[in-house]
Amino acid sequence: MKKAIVSAALGVAALGLAASGAVAGTLDDVKAKGFVQCGVSQGLAGFSNPDDKGNWTGIDVDLCRALGAAIFGDSTKVKYTPLSAKERFTALQSGEIDVLSRNTTWTATRDTSLGLNFAGVNYYDGQGFMVRKELGIKSALELSGASICTNTGTTTELNVADYFRANKMEYEIVAFEKADEVVSAYDSGRCDVYTTDQSGLYSQRLKLTNPGDHIVLPEIISKEPLGPVVRQGDDQWFNLVKWTHFAMVNAEEMGITSANVDEKKGGDDPAIKRVLGTEGAFGEALGVGNDWAYNIIKQVGNYSESFERNVGPKTPLAIARGVNALWSDGGLQYAPPIR
Amino acid sequence: MAEENTASTTEKPKVALLNDPKFRSYIFQGLLLAVIVWFFWGLASNAAHNLAKAGIAQGFGFLDKSAGFGINFSPFIDYVETSSYGTVFWVGLQNTLLIAVIGIILATILGFTVGVARLSSNWVVAKVATVYVEALRNVPLLLQILIWYKGVGALLPSVKNTVDMGAFGQLNTKAWFAPKVVLADGAGLVFGAFVAACVITYFINRWATRRQMLTGQTFPVFLTAIALMVLLPLITYFLKGQPMSLEYATLGRFGPKGGARVIPELMAMLVALTTYTAAFIAEIVRAGILAVPAGQSEASAALGLQRGQALRLVVIPQAMRVIIPPLTSQYLNLTKNSSLAVAIAYPDLMAVFGGTALNQTGQAVEILSMTMLTYLAISLVTAMFMNWYNSRMTLVER
């Protein structure tokens, strides 16, 4: 009996220790296990999507690869966990993944009450609507009475409720757990409208039977700043993820690309030298090697390269830089200086 | 030894308190209880501590907050986007219970029919029933739900080709737009008439049973009941100037709108759960009937009862004793399986509360424990009711 009590007590105590150990030291854990565990979507072309060989590509995936490059000097040292919109925060809170890079909108509730921190914005998006061309609809304000397919557990679901209420329009929401189910329900005619972030609409339209039969309406009904998320209370890891994104933006601003990074490294510009680690010790302060940014740019590229490769005008998605251009080009992408 | 035993029957034995078996058992049970309570308290306080440390919101305050998202199906509860998360819970529970109750009724009817058909002397009927049972219960339920929703659902007419079913409303891929009953003043009396018919039926039944006991004369109770339940409300309906009317869907820009909308997700869930569970119930019914000795059927035949009468009056009542306990667990299975609705966007408890609400608030511990306790409560209530029914059906020996 006594033994049983003691072991039960130890059990409870062990649970306590195991659970409280999950908060700090993500970088050390990552270094110890030898790879970054990155939470991504279940397949959203341009953002995080596995190709036919099973390799993940996309603008969100590039951020994970950049983390691998910064920490290990090897952008392939990343493992991916595909997550539904519903599962994503629990997976991060429970420590199943180290970073969530899954077209996730930064909102006040998510930042404050989930025990998570948003480490910047790698894509500025907004919510839009897609309908069949044959309906002859030109504006979202004509959508009263429509049934609308979307993902459950997203800001999209809340925005659409706000928008229709504000404009005193009726609607029926049909919320699925997986993005693919939403697409197939819209394609089968269960819904008149498909709503999600506008970039997502362009991306998912490629999966429809006849992509040409559908149009994306001009209205953007919300602000959707998408960015990587980490657990709250681990500032070292938070800093690293934040500066990984900033390094890519700074590189674009300074004109450093994966092609010319070696050449630039030998140059005299002190700002570029600081970024590439030949001057100063910024990597050390982040807990990684001083050539962290060099590795990111060499292996993954700068922000512009990542954008053009995954979602830019030459890809099937054909999205213009728009608000995602550098601040110096009239966009919103702005990174604090590395100094 | 013998002396002690005789002593114990007359007066309390004088043993040390510690050696008293009763006292000792209290002590150990008390200790065990304390350990269990302590263990769960440890789990709870540990979880609370860690959630606080990780900066995750806690407590049930979120239930009063406005949910902000829409739910497309809530037949009995008024739900708007400004409703609270608490209302979301009730809407989810309502939709789960709706599926469970309708599913249980339909599965019971279908299951009994198929179960009896399997024992039919008609070779074709028996084989068809066998094929049904073997096919349905050996394919995973989730797969069947998807077949009904995506496979059969794809056969539904598109919005442009909406089928008009006349009095039954319209049908297309978005919903079955059934006629909606609109109540006016005096509609309550019509319902009252129906209730009155039920009460009268109850007394007629009692009188008929007593008369049959005394005189042996039978009375057509069933037909009388049907006549009463149809005629009484109908007469009231016309006397009160037709206080109920049917409202049909009208054509809007996106196809029919209005009426009572039955979404395809509900239909797919119901069909899948009913046919799947009915296959199991059929086997239970067959086993129950086979458990009644053949002598019972032969005896009833010897008494001159027809085959149907023998089945209804002699065999089934005895078979019920074997059928009810496993039937209960099929009812529980059906209720719990309804949570698979999450796969096809039917807004049940697990989908809207255990899913959407969880994701919007991030309070996994609170929401999942509430959802868990709710399913537990539904199951326990069902089991309690079935146990009560079982005790009524047990053989009363005279």
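The structure presented is a predicted model; accordingly, all values stated were derived computationally and were not measured.

S.K.: How would you summarise the packing of aromatic side chains if you had to cite specific residues and measurements?
M.R.: Going through the model one piece at a time under the given rule, you end up with 24 aromatic pairs over all chains. Residues phenylalanine 47 of chain A and tyrosine 123 of chain A carry aromatic rings whose centres are separated by 5.1 Å and whose planes lie at 80 degrees to one another, so their mutual orientation is edge-to-face. Residue phenylalanine 47 of chain A is found in the loop between β1 (36-40) and β2 (49-50), and its partner tyrosine 123 of chain A is found in strand β7 (residues 123-125); the two are separated by 76 residues along the sequence. Looking at phenylalanine 47 of chain A, the relative accessible area reads 1%, which means it is buried. According to the relative accessible area criterion, tyrosine 123 of chain A is buried, its value standing at 4%. Judged by centre distance (5.2 Å) and plane angle (65 degrees), the rings of tyrosine 276 of chain B and phenylalanine 280 of chain B are edge-to-face. Taken together, the residues tyrosine 276 of chain B and phenylalanine 280 of chain B, both in helix α8 (residues 264-291) and four residues apart, mark about one turn of the helix.

S.K.: Go over helix α4 (residues 123-137) of chain B with me, naming the residues and quoting the values.
M.R.: Residues and elements named next belong to chain B. With 15 residues, α4 extends 21 Å between its outermost C-alpha atoms, agreeing within 8% with the 21 Å of an ideal straight helix rising 1.5 Å per residue. Taken together, the buried positions of α4 are occupied by Ala126, Ala129, Thr130, Tyr132, Val133 and Leu136. All buried residues of α4 lie within an arc of 160 degrees about the axis, which places them on one face of the element. Opposite the packed face of α4, turned more than 90 degrees from it, sit the exposed residues Trp123, Val124, Val128 and Val131.

S.K.: I'd like a rundown of the environment of glutamine 242 of chain B, residues and numbers included.
M.R.: Residues and elements named next belong to chain B. As for its position among the elements, glutamine 242 is in the loop between α7 (221-239) and β5 (244-247). Here glutamine 242 falls in the partly exposed class, since its relative accessible area comes to 46%. For glutamine 242 and aspartate 185, which are 57 residues apart along the polypeptide, the C-alpha to C-alpha distance reads 9.5 Å.

S.K.: Outline the sheet that holds strand β10 (residues 171-176) of chain A, listing residues and values.
M.R.: All names here are of chain A. Read across the sheet, five strands follow the order β10-β9-β11-β8-β12 without closing on themselves; strand pairing throughout is mixed. Whereas interior strands pair on both sides, the edge strands pair on one side only; in this sheet they are β10 and β12 (214-216). For this sheet the average axis-to-axis angle between neighbouring strands, irrespective of direction, equals 25 degrees. Alignment of strand β8 (residues 127-132) against strand β11 (residues 193-197), held across five bridges, turns out to be antiparallel. If you follow phenylalanine 129 over to β11, its bridge partner there is threonine 195.

S.K.: Residues and numbers for the domain arrangement of chain A, please.
M.R.: All names here are of chain A. Here the domain parsing of chain A yields domain 1 (23-124 + 226-329) and domain 2 (127-222). Taking only C-alpha atoms, the centre of domain 1 and the centre of domain 2 are 29 Å apart. Contacts between domain 1 and domain 2 engage 17 residues on the former and 14 residues on the latter. For the pair domain 1 and domain 2, the two sides together bury roughly 1200 Å², of which 55% comes from carbon and sulfur. For the interface between domain 1 and domain 2, the tally reads one salt bridge. Across the pair lysine 86 and glutamate 177 runs a salt bridge whose closest N-O atoms are separated by 3.3 Å. For the pair domain 1 and domain 2, the number of links is four residue pairs in polar contact (both at pLDDT 80 or more). In terms of residue class, the side of domain 1 that touches domain 2 is built from nine nonpolar, five polar and three charged.

S.K.: Any chance you could break down the nonpolar core for me, citing the residues and the numbers?
M.R.: Of all hydrophobic cores here, the largest spans 54 residues; its most connected members are Trp237 and Trp292 of chain A. Beyond its immediate stretch of four places on either side in the chain, tryptophan 292 of chain A contacts Ala70, Trp243, Thr244, Ala247, Phe282, Gly283, Leu286 and Ile338 of chain A. Counting residues in each nonpolar core, the second largest holds 51 residues, with Tyr186, Tyr194 and Leu201 of chain A together with Leu98 of chain B among its members.

S.K.: Tell me about the pattern of salt bridges, and name the residues and values.
M.R.: Residues and elements named next belong to chain A. Under the criterion given, the structure shown has 16 salt bridges over all chains. With a shortest N-O distance of 2.6 Å, arginine 309 and aspartate 62 are connected by a salt bridge. Separated by 247 residues along the polypeptide, arginine 309 in helix α14 (residues 303-310) and aspartate 62 in helix α3 (residues 59-72) bring together distant segments of the chain. Residue classification places aspartate 62 among the buried positions, given a relative accessible area of 2%.

S.K.: Lay out the pairing of β11 of chain A with the relevant residues and their values.
M.R.: All names here are of chain A. Burial runs high along β11: five of the five residues are buried. By the bridge criterion, two bridges tie strand β9 (residues 146-151) to β11 in an arrangement that is parallel. Along β11, the bridge assignment pairs cysteine 149 with tyrosine 194.

S.K.: Before we move on, can you summarise the confidence of the model for chain A with the specific residues and values?
M.R.: Residues and elements named next belong to chain A. On average, residues of chain A score 90 in pLDDT, and 93% of them reach the 70 mark or higher. Mean pLDDT across the secondary structure elements of chain A bottoms out at helix α1 (residues 2-20), with 45, and peaks at strand β5 (residues 99-100), with 97. Between residues 1-22, whose pLDDT stays under 50, and residues either more than four places distant or in other chains, the model counts 17 contacts.

S.K.: Go over the packing of helix α11 (residues 349-361) of chain B against helix α12 (residues 364-393) of chain B with me, naming the residues and quoting the values.
M.R.: All names here are of chain B. Running from N to C, α11 and α12 point in directions that differ by 170 degrees, and their axes come no closer than 9 Å. For the element pair α11 / α12, the angle class is roughly antiparallel. Along this stretch, α11 crosses α12, giving a crossing that reads as right-handed. Contact with α11, carried on its side by Leu349, Met350, Phe353, Gly354, Ala357, Leu358 and Thr361, involves Ala364, Ile367, Leu368, Met370, Thr371, Thr374 and Tyr375 of α12 and no other residues of that element. Here the contact of α11 with α12 is composed, by residue class, of ten nonpolar, four polar and no charged.

S.K.: Tell me about the confidence of the model for chain B, and please be specific about residues and values.
M.R.: Per-residue pLDDT for chain B averages 89, and the proportion of residues at 70 or more is 96%. As scored by the predictor, the complex reaches a pTM of 0.81 and an ipTM of 0.77.

Calculation notes
- Residues numbered from 1 in each chain as written.
- Chains lettered and ligands numbered in written order.
- Predicted model: local features only at pLDDT ≥ 70, side-chain atom pairs only at ≥ 80, totals over all residues.
- Heavy atoms only, no water.
- Phe/Tyr/Trp six-rings, centres within 6.5 Å; stacked < 30°, edge-to-face > 60°.
- Helix = DSSP H or I, 4+ residues; strand = E, 2+ residues; numbered from the N terminus.
- Buried < 20%, exposed > 50% of the residue type's maximum accessible area, 1.4 Å probe, protein only.
- Expected span 1.5 Å × (residues − 1).
- Arc of directions from axis to C-beta.
- Pairing = 2+ DSSP bridges.
- Axes fitted to C-alpha atoms, helices over the stretch in contact; angles between N-to-C directions.
- Domains from an automatic or database assignment.
- Contact = heavy atoms within 4.5 Å.
- Buried area = accessible area lost by both parts, 1.4 Å probe.
- Salt bridge = Lys/Arg side-chain N within 4 Å of Asp/Glu carboxyl O.
- Polar contact = N/O pair within 3.5 Å; in protein donor to acceptor, adjacent residues only side chain to side chain.
- Nonpolar A, V, L, I, M, F, W, Y, C, P; charged D, E, K, R; others polar.
- Core = buried A, V, L, I, M, F, W, Y, C linked by side-chain atoms within 4.5 Å.
- pLDDT = per-residue confidence, 0-100.
- Parallel < 35°, antiparallel > 145°, perpendicular 65-115°, else oblique.
- Left-handed = near helix turned anticlockwise from the far one by under 90°.

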